[in-house]
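Here is what each chain is made of, one letter per residue.
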Amino acid sequence: MIYAGMDKEERNAIIEERCREYGISPSYDYDGNALYVPLMEDKIQFFENCENPDLKEVIGNALTEAMGSPYGDDSWTEIW
């Protein structure tokens, strides 16, 4: 779990682990803080609550790829 004021090294380790799970490389700001990557559960909840049909299609494709389907696209790292 990530929370405000968390030690940078601990927070970075959590985000780096998420990136490994998603098969992406972590990105960092100028201070060495890993840029936030949400949990898959957070992404799924956002998808389920999305009311914009076009955005929901894009998110659905992204989640399909994130879950390992060969039919998804790889833009999911860019839409969050």
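Scroll up to find the structure.
This text gives an overview of the structure that appears in the document. Quantities reported herein were computed from a predicted structural model and do not represent experimental measurements.

Description of the packing of aromatic side chains
The final tally for this structure, using the stated rule, is zero aromatic pairs. Here the basic side chain of K56 rests over the ring of F47, its NZ or CZ set 4.9 Å away from the ring centre.

Description of the nonpolar core
Counting residues in hydrophobic clusters, the biggest one holds six residues: I15, C19, Y22, A34, V37 and M40. With three residues, the single largest contributor to this core is helix α1 (residues 8–22). With sequence-adjacent residues up to four places away left out, C19 is seen in contact with I24, S25, P26 and V37.

Things to note about the side chain of R11
Looking at the secondary structure, you find R11 in helix α1. It turns out R11 is buried and unbridged, and the closest side chain with the opposite charge, D29, is 6.8 Å from it. Setting aside its immediate chain neighbours within four residues, R11 contacts I2, M6, N33, A34 and Y36.

What to know about α1
Taking 1.5 Å per residue as the helical rise, α1 with its 15 residues ought to reach 21 Å, and the 21 Å between its terminal C-alpha atoms agrees with that figure. Those residues of α1 lying buried are R11, N12, I15, R18, C19 and Y22. An end-on view of α1 places all buried positions within 125° of arc, on one side of the element. Pointing more than 90 degrees away from the buried face of α1 are the exposed residues E9, R20 and E21. Tucked inside the fold, the buried residues of α1 contact α2 (40–49). Of the residues flanking the start of α1, the one acting as N-cap is D7, its side-chain oxygen 3.3 Å from the backbone nitrogen of E9. One or two steps after α1, the chain reaches G23, where phi turns positive at roughly 75°.

About the cut-offs
Numbers given for residues are sequential positions, taken from 1 along each chain in its written order. Local features in this predicted model are restricted to residues whose pLDDT is 70 or higher, and side-chain atom pairs enter the listing and the counts only when it is 80 or higher, whereas totals over whole chains, interfaces and linings include all residues. Note that water and hydrogens are dropped before the side-chain values are worked out from all heavy atoms of the structure. Pairing of aromatic side chains requires ring centres within 6.5 Å, counting the rings of Phe and Tyr and the six-membered ring of Trp. Pairs whose planes differ by under 30 degrees are stacked, by over 60 edge-to-face, and all others tilted. The criterion for a charge sitting over a ring is simple: Lys NZ or Arg CZ within 6 Å of the ring centre, and within 35 degrees of the ring normal. Here the nonpolar core consists of buried residues drawn from Ala, Val, Leu, Ile, Met, Phe, Trp, Tyr and Cys, with membership extended through side-chain atoms lying within 4.5 Å. Here the term buried applies to any residue with accessible area under 20% of the maximum for its type, exposed to any over 50%, and partly exposed to those in between, with areas from a 1.4 Å probe on protein chains only. Segments assigned H or I by DSSP are reported as helices when at least four residues long, segments assigned E as strands when at least two residues long, and all are numbered from the N terminus. Residue contacts are counted whenever heavy atoms from the two residues lie within 4.5 Å of one another. For the purpose of charge, His is not counted, nor are the chain termini; Lys and Arg are scored as positive and Asp and Glu as negative. By definition here, a salt bridge exists when the distance from a side-chain nitrogen of Lys or Arg to a carboxyl oxygen of Asp or Glu is within 4 Å. Here a helix's expected span is defined as the number of its residues, less one, multiplied by 1.5 Å. The arc in question is the one spanned by the directions pointing from the helix axis to the C-beta atoms. Polar contacts, as counted here, are pairs of nitrogen or oxygen atoms within 3.5 Å of one another; within protein the pair requires one atom able to donate a hydrogen and one able to accept it, and residues that are adjacent in sequence qualify only if both atoms are side-chain atoms.

Keep in mind these values describe shape, not function.
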